[in-house]
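# Structural description and commentary
Here are the chains, one letter per residue:
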Amino acid sequence: MCGIFGIVAAGKCDNLNILAANGLASLQHRGTESSGLVGSDGVTRDHVEIIKGHGLVRDVITEDNISKMDGQSIIIGHNRYSTAGKKKSGINCVQPFVVYTAMGTVAIAHNGELVDAKQKRTEVLHEGVGLSTDTDSELIAQMIAKAIALNVKCKYGQDIGDITRELAVTMSALNMSYSLLVMTFDRFYAIRDPFGNRPLCVGTVISKDGSPQAYIASSESCALPANAKLDFEVRPGEIVELSSDGIKSVWQMKPNTPLAMCIFEYVYFARNDSEIEGQQVQTVREECGKTMALEDDIEADIVGNVPDSSLSAAIGYASQSGITYEPVLHRNSYVGRSFIQPNDEMRQNAIKIKFGVLKKKVQNQRIVLVDDSIVRGNTMRTLVKMLRDAGAKEVHLRIASPPVKFPCFMGINIPTSQELIAAQKSIPEICEYVGADSVRYLSVDGLVSSVQKGIERTTNFSPGHCTACLTGKYPVPINM
Ligand SMILES: O=P(O)(O)OC[C@H]1O[C@H](OP(=O)(O)OP(=O)(O)O)[C@H](O)[C@@H]1O
Ligand SMILES: NC(=O)CC[C@H](N)C(=O)O
Ligand code: SF4
Ligand SMILES: [Mg+2]
């Protein structure tokens, strides 16, 4: 899924670099493999400052190197959760990508995955463009550079930081999925694919005197600083320009595309304190928990959850069912999210050291254990055993999303059904494999209705969500 964050100063803004680093740190949950910041001083057309590296934001952007971004008036950044390209590849896969184009330097930060990357890669290579990585995001950068080159004549003497048309041409020719930031020397653009598959929002940092201090585009609103307001979520297919002059919607691509916002952003990826489609993510998750309880009839003593992301669903389940919520597991906060680790060895290692059981709470208890999802089954297998070893009488798993049975090609690293436990086993087999007393999932209708319940509908807007990993119905044809 990746986190993208961009900021441009409205006027003088001494702490732009700190705001950028903090913003990226607030999107850490979207990717932990690598981070990067690229800055422009707003004047020089062929120079950018770059900080990049593997690891967490705090390891890559340090007190020592952040001063490199002093004096920059625009900065874009990226946290990577790799879906394309070699997972352990070198520094050249770390985003934002920087390309030197006919009109000056351009940097891009991409969240998503191009479903037609293979075909586009062949096209780009046959045009004589050499690529330095095997990621889909580099293709976008090269295609933008080409569009700029083709339009270069009519650009001389004009406002050359403006590449709206080049972006509209390039991005309309690409299928899903992308939420994208593109920086030229004096502005940056925030773009969402016409399906609206990945989230992207825009906000303004307000200074003490009430004037705008900086303008931000971010994967999620949780990364806006406390003195910022969320202006709007970028519309599917919209190109928004952010510069020292403010925020401007400059293009709308393919307005009649059926929406396919990733429903898993609500289930797992996004942070509870973010707003997506006008809804608090926490509230949607509570709603999922309530719906799950309405679909259920189990008798139990307590409701517990698998920290972190399922807490809200457990709260919803407990309030609807009337069964008391009790914390049953402690999550070591020094261990990252296991699902977004790049390989199974790292995922298994993370799970091993991540949880501790609250023994006195679970002894002799019939527990409803809520999690937001079972994907590969790694987490649940470990946890049910730990709870039983600690003396739990019964463990009933309640999963606040339907079984994940199909691969994702749009930005989540589940490329084959072989690795998905629900694609390989029936629900009774899963129950036996993880050692639970019962397993029950939220229905697809239950999830969709819980997610869409609070979305405001207008004559021009009705919601639409991708549920492909749950239903096998992909928003676009996939060449597997
Ligand atoms: O079935 P699996 O393949 O094990 O994956 C599913 C688990 O992974 C995720 O948690 P994760 O540890 O990534 O993050 P969290 O701490 O935010 O819940 C998700 O919330 C499930 O708990
Ligand atoms: N999860 C993502 O958004 C990944 C972005 C891009 N496809 C990469 O692998 O770097
Ligand atoms: S297939 Fe699943 S994870 Fe991928 S975009 Fe669709 S809902 Fe999201
Ligand atoms: Mg979890």
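- An unreviewed UniProt entry lists the chain under the name Amidophosphoribosyltransferase, with Caenorhabditis nigoni as the source organism.
- Of the chain, the UniProt comment under Pathway (unreviewed entry) reads exactly: "Purine metabolism; IMP biosynthesis via de novo pathway; N(1)-(5-phospho-D-ribosyl)glycinamide from 5-phospho-alpha-D-ribose 1-diphosphate: step 1/2."

## Looking at unusual backbone geometry
- Omega for the peptide link from Met-176 to Ser-177 comes to 0°, which places this bond in the cis form.
- Mapped onto the elements, Ser-177 comes out in the loop between helix 6 (164-172) and strand 7 (179-183).
- Along the chain, Pro-307 connects to Asp-308 via a cis peptide bond; the corresponding omega equals 10°.
- Looking at the element boundaries, Asp-308 is found in the loop between strand 17 (302-305) and helix 9 (311-321).
- For Lys-254, which is not glycine, the phi torsion reads 35° and is therefore positive.
- The residue Lys-254 is located in the loop between strand 13 (246-252) and strand 14 (261-262) in this model.
- We note that Asn-364 has phi near 65°; this positive angle belongs to a residue other than glycine.
- Along the chain, the position of Asn-364 falls in the loop between helix 11 (359-362) and strand 21 (366-371).

## Thoughts on the domain arrangement of the chain
- According to the domain assignment, the chain contains domain 1 (3-257) and domain 2 (275-448).
- Of note, the centres of domain 1 and domain 2, computed from C-alpha atoms alone, are 34 Å apart.
- Contacts between the two partners involve 21 residues from domain 1 and, on the opposite side, 15 residues from domain 2.
- The contact between domain 1 and domain 2 buries some 1500 Å² in all, and 54% of this surface belongs to carbon and sulfur atoms.
- Of all residues in domain 1, His-29, Tyr-81 and Glu-233 give up the largest surface area on contact with domain 2, accounting jointly for 33% of the area buried on that side.

## A closer look at the UniProt feature "active site" (unreviewed entry) in the chain
- UniProt records the feature "active site" (unreviewed entry) at Cys-2, using the numbering of this structure.
- Sequence-distant contacts of Cys-2, that is, excluding residues within four places in its chain, are made with Arg-30, His-78, Asn-79, Arg-80, Tyr-81, His-110, Asn-111 and Ser-219.

## Remarks on the sheet that holds strand 5 (residues 97-101)
- The antiparallel open sheet is built from six strands, whose spatial order is 5-6-7-8-12-13. Either end of the sheet is taken by a strand with one partner, and the two such strands are strand 5 and strand 13. Along the sheet, successive strands turn relative to each other by an average axial angle of 20°, direction set aside.
- Two strands pair when backbone bridges link them, and strand 7 and strand 8 (residues 188-192) are joined in this way by five bridges, in the antiparallel orientation.

## Side note on the layout of surface pockets
- Quantified by volume, the largest pocket comes out at close to 1100 Å³.
- Lining the largest pocket are 50 residues, and of these Arg-331, Gly-336, Arg-337, Ser-338 and Lys-354 sit closest to its centre.
- If you list the elements that add at least two residues to the lining of the largest pocket, you get helix 2 (57-60), helix 7 (264-269), helix 10 (344-354) and helix 12 (378-389).
- Here the element with the most residues in the lining of the largest pocket is helix 10; it accounts for five residues.
- A per-class count over the lining of the largest pocket returns 22 nonpolar, 14 polar and 14 charged.

## Side note on the packing of aromatic side chains
- Counted under the stated rule, the structure contains five aromatic pairs.
- Relative to Phe-269, the ring of Phe-264 has its centre 6.1 Å away and its plane inclined at 50°; by these criteria the two rings are tilted.
- Plain terms: the ring middles of Tyr-268 and Phe-339 are 5.3 Å apart, the flat faces sit at 85° to each other, and that makes the pair edge-to-face. Separated by 71 residues along the polypeptide, Tyr-268 in helix 7 and Phe-339 in the loop between strand 19 (329-331) and helix 10 bring together distant segments of the chain. One exposure class covers both Tyr-268 and Phe-339, and it is buried.
- Three or more aromatic residues joined by ring pairs form one cluster here, namely Phe-264, Tyr-268, Phe-269 and Phe-339.
- Taking the ring centre of Tyr-433 as reference, the NZ or CZ of Arg-381 above it sits at 4.1 Å.

Rules used throughout
- Residues numbered from 1 in each chain as written.
- Chains lettered and ligands numbered in written order.
- Predicted model: local features only at pLDDT ≥ 70, side-chain atom pairs only at ≥ 80, totals over all residues.
- Heavy atoms only, no water.
- UniProt positions renumbered as here; feature names shortened; annotations may be inferred.
- Helix = DSSP H or I, 4+ residues; strand = E, 2+ residues; numbered from the N terminus.
- Domains from an automatic or database assignment.
- Contact = heavy atoms within 4.5 Å.
- Buried area = accessible area lost by both parts, 1.4 Å probe.
- Pairing = 2+ DSSP bridges.
- Axes fitted to C-alpha atoms, helices over the stretch in contact; angles between N-to-C directions.
- 1 Å grid on protein atoms, 1.4 Å probe; cavity = no way out; pocket = protein on both sides within 12 Å on 5 of 7 lines; lining within 4 Å.
- Points joined across faces, edges and corners; volume = space filled by probe spheres on them.
- Nonpolar A, V, L, I, M, F, W, Y, C, P; charged D, E, K, R; others polar.
- Phe/Tyr/Trp six-rings, centres within 6.5 Å; stacked < 30°, edge-to-face > 60°.
- Buried < 20%, exposed > 50% of the residue type's maximum accessible area, 1.4 Å probe, protein only.
- Lys NZ or Arg CZ within 6 Å of the ring centre and 35° of its normal.

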